[in-house]
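For reference, the chains in residue letters:
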Amino acid sequence: MKVLETDRLNLRWLSPDDGEFMLELLNDPSWLEFIGDRGVRTVEGAREYILNGPVEMYKRLGFGLFLTERKADGVPVGICGLIKRDSLEDVDIGYAFLPQFWGNGYAYESATATLAHGRTVLGFDRIVAITSSNNQKSARLLEKLGLKFEKMIRFSDDAEELRLYGSDK
Ligand SMILES: CC(C)(COP(=O)(O)OP(=O)(O)OC[C@H]1O[C@@H](n2cnc3c(N)ncnc32)[C@H](O)[C@@H]1OP(=O)(O)O)[C@@H](O)C(=O)NCCC(=O)NCCS
């Protein structure tokens, strides 16, 4: 299902048919470094990840991480969307793009549309984001989007310290 359209991109629900793309994204060195190793090594595993993660969230909450496709040729370039985690009070924005598509403003374009959708359609007054402290590209994007650094947080005593950004309506 298509959720959002921007000048150059369509954002739509992920489906198990996106397994190959998701397998590549989940094992990209940038995902492993800045998001974490989900231990998914096969297309079948990626299909299960899509079903148990994003698809489960669409069904339960009506939103989640969406596939971002280039309109011109239908090529999947990344994912972007809103996530509700048990560990955070507020909904957070998440995104990841394959490196060959960085540097085109695709993340900015899809995140801008995602934030607007979160605020106006889904009605969230506050949307946050979390990043590793050394993820400079992500920090730059969040600042361009108008989110402000608030504080460092940890999900558990032995977990990595993360930067929390926030944006009120
Ligand atoms: C974080 C991430 C999404 C940023 O991607 P990105 O392509 O750098 O981000 P943007 O869409 O904002 O693009 C900005 C770049 O595109 C350039 N650009 C080109 N055309 C543009 C356009 N039409 N509009 C805006 N920027 C444009 C900008 O000048 C900028 O270039 P620079 O990096 O050389 O300064 C990407 O690095 C990524 O996927 N990382 C791995 C996953 C990850 O860390 N996720 C976040 C976890 S918190």
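Below is a short write-up of the structure. Since the structure is predicted, the reported quantities are computational estimates derived from the model, not experimental observations.

What counts and what doesn't
Residues numbered from 1 in each chain as written. Predicted model: local features only at pLDDT ≥ 70, side-chain atom pairs only at ≥ 80, totals over all residues. Heavy atoms only, no water. Phe/Tyr/Trp six-rings, centres within 6.5 Å; stacked < 30°, edge-to-face > 60°. Helix = DSSP H or I, 4+ residues; strand = E, 2+ residues; numbered from the N terminus. Buried < 20%, exposed > 50% of the residue type's maximum accessible area, 1.4 Å probe, protein only. Pairing = 2+ DSSP bridges. Near = heavy atom within 4 Å. Polar contact = N/O pair within 3.5 Å; in protein donor to acceptor, adjacent residues only side chain to side chain. Areas by Shrake-Rupley, 256 points an atom, 1.4 Å probe, with all protein chains shown as cover. Nonpolar A, V, L, I, M, F, W, Y, C, P; charged D, E, K, R; others polar. Axes fitted to C-alpha atoms, helices over the stretch in contact; angles between N-to-C directions. Contact = heavy atoms within 4.5 Å.

1. Here we look at the packing of aromatic side chains
Part 1 of the reasoning: One pass over the full model with this rule turns up four aromatic pairs.
Part 2 of the reasoning: Their ring planes at 15° and their centres at 4.6 Å tell us that Trp13 and Tyr58 sit as a pair that is stacked. One end of the pair, Trp13, is in strand β2 (residues 9-13); the other, Tyr58, is in helix α3 (residues 43-61), and 45 residues separate them in sequence.
Part 3 of the reasoning: Note on Phe63 and Phe124: the rings are 5.4 Å apart at their centroids and 80° apart in plane angle, and the pair reads as edge-to-face. Of the two residues, Phe63 is situated in the loop between α3 and β3 (65-70) and Phe124 in the loop between α4 (106-121) and β6 (126-132); the sequence distance between them amounts to 61 residues.
Part 4 of the reasoning: Taken together, the aromatic side chains of Trp13, Tyr58 and Phe66 make up a single cluster linked through ring pairs.

2. Considering the pairing of strand β8 (residues 162-168)
It is a general feature of regular strands that their side chains alternate between the two faces of the sheet.
Part 1 of the reasoning: Most of β8 is tucked away: five of the seven residues are buried.
Part 2 of the reasoning: The pairing of β6 with β8 spans seven bridges and is antiparallel. Across the sheet, residue Ile127 finds its bridge partner in β8, namely Ser167.
Part 3 of the reasoning: Judged from the five bridges that link them, strand β7 (residues 148-153) and β8 form a sheet pairing that is antiparallel. When the sheet's bridge partners are listed, Lys151 is paired in β8 with Leu164.

3. A closer look at the site of the ligand
Part 1 of the reasoning: The full set close to the ligand counts 22 residues, and Tyr95, Phe97, Gly103, Ala107 and Asn135 are the nearest of them.
Part 2 of the reasoning: At 2.8 Å, a backbone N or O of Tyr95 approaches a nitrogen atom of the ligand.
Part 3 of the reasoning: Protein contacts shield 71% of the accessible area of the ligand, which totals 960 Å² for the unbound molecule.
Part 4 of the reasoning: Elements that contribute at least two residues to the shell around the ligand include exactly α2 (29-34), β5 (91-97), α4, β6 and α5 (136-144).
Part 5 of the reasoning: Residue composition of the shell around the ligand, by class: eleven nonpolar, seven polar and four charged.

4. Structural notes on the sheet that holds β6
Part 1 of the reasoning: Spatial ordering of the open sheet is given by β1-β2-β3-β4-β5-β6-β8-β7, a layout of eight strands whose pairing is mixed. Both edges of this open sheet fall to β1 (2-5) and β7, since each of them pairs with a single strand only. Neighbouring strand axes in the sheet, compared pairwise and without regard to direction, differ in orientation by 30° on average.
Part 2 of the reasoning: Sheet analysis places β5 next to β6, joined by two bridges and oriented parallel. Its bridge partner lying in β6, Asp92 is registered against Val128.
Part 3 of the reasoning: Against the sheet, α3 contacts β2, β3 and β4 (76-83), and its axis sits at roughly 110° relative to β3.
Part 4 of the reasoning: Running at roughly 30° to β4, α4 makes contact with β1, β2, β3, β4, β5, β6 and β8 of the sheet.

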